[in-house]
Structures are given as C-alpha cells and as structure tokens.
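Structure assessment
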Amino acid sequence: MAALPPALAEVVDDFAAVAPRDRLQLLLEMGQELPPLPERFTASHEAMEQVHECQSPLFLAVETEPGAVHLFFDAPREAPTTRGFAGILHAGLEGSTPDEVLDVPDDFYVRLGLAELVSPLRLRGMAAMLARIKGQVRAARDGRATGASE
Amino acid sequence: MPLPTDPDAKLAAYAHPERLVTTAWLAEHLSDPGLVVVESDEDVLLYETGHVPGAVKVDWHTDLNDPVTRDYVDAERFAALLSEKGIGRDTTVVFYGDRNNWWAAYALWVFTLFGHPDVRLLDGGRAAWLAEGRPMTTEQTVRTRADYPVVERSDAPVRAFRDDVLAHLGRPMVDVRSPSEFSGETLHMPDYPQEGAVRGGHIPGATNVPWAKAAAEDGTFRTVDELRDLYEGQAGLSADDDVVVYCRIGERSSHTWFVLTHLLGYEKVRNYDGSWTEWGNSVRVPIEQGA
C-alpha cells in the first residue's frame, strides 16, 4: 500500500494516539482549523465543486501547480462533522504533490478509527471528498499533458 | 413525577399540549430534578460545539440504530444507554435538535417504541433556543447514572413494516419526501446523498405532504389550525384515519408522525421506517410514478 503523505500520516497518527472518546473532540478541532476561504471563492460557489455525498452542503476547489496541490473547502459552521472531514484532508494534503494525492488509498479514513463514533454512513462523505479531489487533480494533470502535446 | 405541562396558549390548542414545551418553559425548568434534556442532531458533532446547559446527547446513528441489523437497538442496549445518560423510566425527557427538530422527533419516536412515558419536543428546537440568545455551553454534562429498566420494544402501535404497508394499500398514507422524490424524478432529496434505491416513485395511493411544511419559518410548529388545513383540508386526512407515514429511512416521517399523533391527536398513525430505501428496492411491490 502506498505510503500516506507525511502530513496526512501525522493526522492519522494523532487520531490513533487518542482514546476513542477524544477522537470526536479532535475531529471538531480539525474543522475549527480549516482556513477561511480566499476572497476569490467567497462571492460565489460557481468555481467550486459540490460534494453531494456529504450530509451537509460542502464545496471544494482544487488548484494545482506542477509540484503542489492546493485545497479549498467551504462547509457551514452548523455542519461540524463535514467541516472536520474537510479539515483532515486540508491538514493532510495541502501542498502535497499531485502524485502524492493520487496515491492516497481511497479507504485511508478507516485508519482514523472514527467508524464507531461517527458511523460508516457519515464517513462516506470523506471518501467522496477525496474522490473528487483526485478527480480534479487528474483532470488538471491530463489537461496539462494534452496541452503539452499540442 | 412528571413535570407540569407547559401552559403556553399556543401549545394548549394542540391535542396533546403535554408533548411540547416552549423555550421559555425549558429555561425555567432546566435545573428541575426529574428532567433530562436530550439533544439529537443530524450532525454528530453539533452538540460538541455547544448545547443547552445540562443536556445530554443521543445520536440517531451510533446510539439508536443497531450496529448490525437494520433495526433499532434492543431492550438491553436501550436500558444501558438511558442509564448512562441519567434517564430513569419516570424522567421527563425534552428533545431538541437541528433542522426543525427533524432528528429530535426521530429520537422521540424511538423512545416511544420503548414506551418511555414522558417524552416532549422543544418547540422550535436548537434554532429557536439560539435565536433567543439563550445559554449554550461546551461544558461536559455530568449526570448521575440512572437505573433504566429493560423494557421490550413494542413496535406494533407506532411502527409499520413492509408487509404491514402491503396490507395497508388503499388506506391513507402520507409520503413526506420532497415532490421530486415523490414523483420519481429523483431518488434522494436535493443536496443529500443517494442512499441506494433502484426505483423511483411512491407507494400507490400515498399523498405527498413534505414534512417541513409542518414547521413555520422560525422552526416552531405551525398552529393547530394551519396544521389541520394542511393535513385535513389539503391532504384529505381525518382524525379517525388509520395512517402510515414514510420517507426515505423513516426520520423525516417521524416528524410528521409526531404532528399527526401529538399535535392533531390521531390515534392510529404508524411510521414505516423501512421507507423508500426498502420499498424502492423490494422486488414486485407496486410503485406509482408522477406527481
């Protein structure tokens, strides 16, 4: 199995290190640490992709440069779980290379030990976010490759 | 001893005013012995961001659903949960939550399966409490353990299974989902995850009354006259009807179950919690499409 990017591995270790009941608190904190959305996204969600699989409205945007992927999330304050999932992905993947992002196992979130506390159904939202991030990273990479060959 | 009924004039007009409390009543009785406030939300972390002082949390996924079988927890698990939350069989339980008390009504309905005597909803839920600037805290609630008895669930009076619904065809049924789910145009409510039904549409003969119509803009329940107009004037129900309500997994319809049972006083309302995720996947059950 591919190794997780170091920052994501650290987040997973943080979750593994605390007692199950403290994992919810950690998830809450991850959501609180989600950076505010830059101005270019706040006016409208048009430039962002909605993750319909999340229980509450979540919008994400991915910007890629050759060596780094940048992630932007918009999740309402009344949806702390969804914000927490976004916070985990932001803390773990912001600034990673496109390949590192694409290599993250789709089921990495099972290692967070949240299934019993949050329920597997809710965790699907995080899987969906990762899938859409990868989709955008792939599209950007393929778009660039096509552009170069022209 | 159950706590006194909220004497509020709006509540007094409902069939069972003792099933609802106002924010003012709750604020006044918050520290009464014999009362436990339960927060039940869609989002499993919302309680942790701040809750009514002294409230405990009950989560519909992780506390009330059986982790393996598609069913509610059994009598032992329910007793253990309530004991841990400091709720005894004679405790007055007031539920509140997000989104017009959607999940709070669901939790209240599950407590009803176990016959918990005194269950009430906070009119307006979490939003009303917050809008009035009433106190919220992140302080961990510590309640003395209670000794809740092991009481077997009695599903039949308020819960319908698929075969019950098949036998009920031709009698009043309310589909509380969005109009596009009802017509079969979509399989899940707008902006929500698809929870896997292979067919769209509704149970033949069901009337579509989206659940949230029972709530006013501020999240409190509509007045008894407005509710009568909605369910009787427009949807054609009457108080002595035998009614089945359903949605997608039985949560939105517990809200409507509460309205028909406790606010309008219908005596025979059952919630079909298998709802569309079961019906829309069942082989050879009849389905109707279109508005």
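Fair warning: this is a prediction, and the values are worked out from it, not measured in the lab. (Residues numbered from 1 in each chain as written. Chains lettered and ligands numbered in written order. Predicted model: local features only at pLDDT ≥ 70, side-chain atom pairs only at ≥ 80, totals over all residues. Heavy atoms only, no water.)

1. Some points on the overall build of chain B
What counts, and what does not: Put simply, DSSP H or I for four residues or longer makes a helix, DSSP E for two residues or longer makes a strand, and each gets a number counted from the N terminus. The globule rule is 2.2 Å times the number of residues to the power 0.38, and the radius of gyration it is compared with is taken over C-alpha atoms. Accessible area is worked out with a 1.4 Å probe on protein chains only. A residue is then buried under 20% of its type maximum, exposed over 50%, and partly exposed in between. The contact rule is simple, with two residues in contact once any of their heavy atoms fall within 4.5 Å. Working convention for charge: Lys and Arg count positive, Asp and Glu count negative, and His plus the chain ends are omitted. For this purpose, a charge sits on NZ of Lys, CZ of Arg, CG of Asp or CD of Glu.
For chain B, the count of helices and strands is eleven helices and nine strands. In terms of overall size, chain B behaves like a compact globule, its C-alpha atoms giving a radius of gyration of 18 Å where 291 residues would be expected to give roughly 19 Å. Evaluated residue by residue, chain B yields a buried proportion of 58% over its 291 residues. A fraction of 75% describes how many contacts in chain B between residues 6 or more apart in sequence connect residues 24 or more apart. For chain B, the separation between the mean place of its 27 positive charges and that of its 47 negative charges on side chains is 4 Å.

2. Some words on the nonpolar core
Applied cut-off: Within this scheme, the nonpolar core is defined by two criteria: the residues are buried Ala, Val, Leu, Ile, Met, Phe, Trp, Tyr or Cys, and they are joined through side-chain atoms within 4.5 Å. Per the annotation, domain bounds derive from an automatic or database assignment of domains.
Residues F95(B), F111(B), L121(B), Y231(B) and L260(B) are the most contacted members of the largest nonpolar core, which totals 58 residues. Element by element, the count of residues in this core is highest for helix α5 (residues 102-113) of chain B, at eleven residues. Two domains share this core, each providing at least three of its residues, namely domain 1 (11-132) and domain 2 (162-280) of chain B. Contacts of L260(B), omitting those with residues within four sequence positions, involve Y231(B), L237(B), V243(B), V245(B), G265(B), Y266(B) and V269(B). Counting residues in each nonpolar core, the second largest holds 43 residues, with L60(A), V62(A), A86(A) and I133(A) among its members.

3. Some details on the UniProt feature "domain: Rhodanese" (unreviewed entry) in chain B
Stated precisely, the cut-off is as follows: UniProt positions are given in the numbering used here, feature names are shortened, and annotations may be inferred rather than shown by experiment.
Within the UniProt annotation, "domain: Rhodanese" (unreviewed entry) is assigned to residues 31-138 and 174-288 of chain B. For residues 31-138 of chain B, helix accounts for 31% and strand for 15%, while the C-alpha atoms at its two ends are 17 Å apart.

4. Points about the packing of helix α1 (residues 6-17) of chain A against helix α2 (residues 20-32) of chain A
All names here are of chain A. Operational definition: In this analysis an axis means a line fitted to C-alpha atoms, helices contributing only their contacting stretch, and an angle means the value between N-to-C directions, from 0 to 180 degrees. Take the far helix as your reference; a near helix turned counterclockwise from it by less than a right angle gives a left-handed crossing, and one turned clockwise gives a right-handed crossing. Classes in brief: Ala, Val, Leu, Ile, Met, Phe, Trp, Tyr, Cys and Pro nonpolar; Asp, Glu, Lys and Arg charged; the others, Gly included, polar.
Look at α1 against α2: their axes get within 9 Å of each other, and the N-to-C directions meet at 145°. α2 is crossed by α1, and the crossing has right-handed handedness. Residues V11, D14, F15 and A16 of α1 lie in contact with α2, whose contacting residues are R23, L26, L27 and M30. Split by residue class, the contact of α1 with α2 holds six nonpolar, no polar and two charged.

5. Things to note about the sheet that holds strand β3 (residues 68-74) of chain A
Residue and element names in this part refer to chain A. Quick reminder of the rule: Note: two strands are recorded as paired if DSSP finds a minimum of 2 bridges between them.
Read across the open sheet, the three strands follow the order β1-β2-β3; overall the sheet is antiparallel. The strands lining the two open edges of the sheet, one partner per strand, are β1 (49-50) and β3. In terms of strand pairing, strand β2 (residues 59-65) meets β3 through seven bridges, oriented antiparallel. Across the sheet, A61 pairs through a bridge with F72, a residue of β3.

6. Concerning the pairing of strand β2 (residues 35-39) of chain B
All names here are of chain B. Among the five residues that make up β2, five are buried, leaving the element largely enclosed by the rest of the structure. With burial as the criterion, each face of β2 is covered, one bearing L35, V37 and E39 and the other bearing V36 and V38. The pairing of β2 with strand β4 (residues 92-96) spans five bridges and is parallel. Paired with L35 across the strands is T92, a residue of β4. The pairing of β2 with strand β3 (residues 56-57) spans two bridges and is parallel. Across the sheet, residue E39 finds its bridge partner in β3, namely K57.

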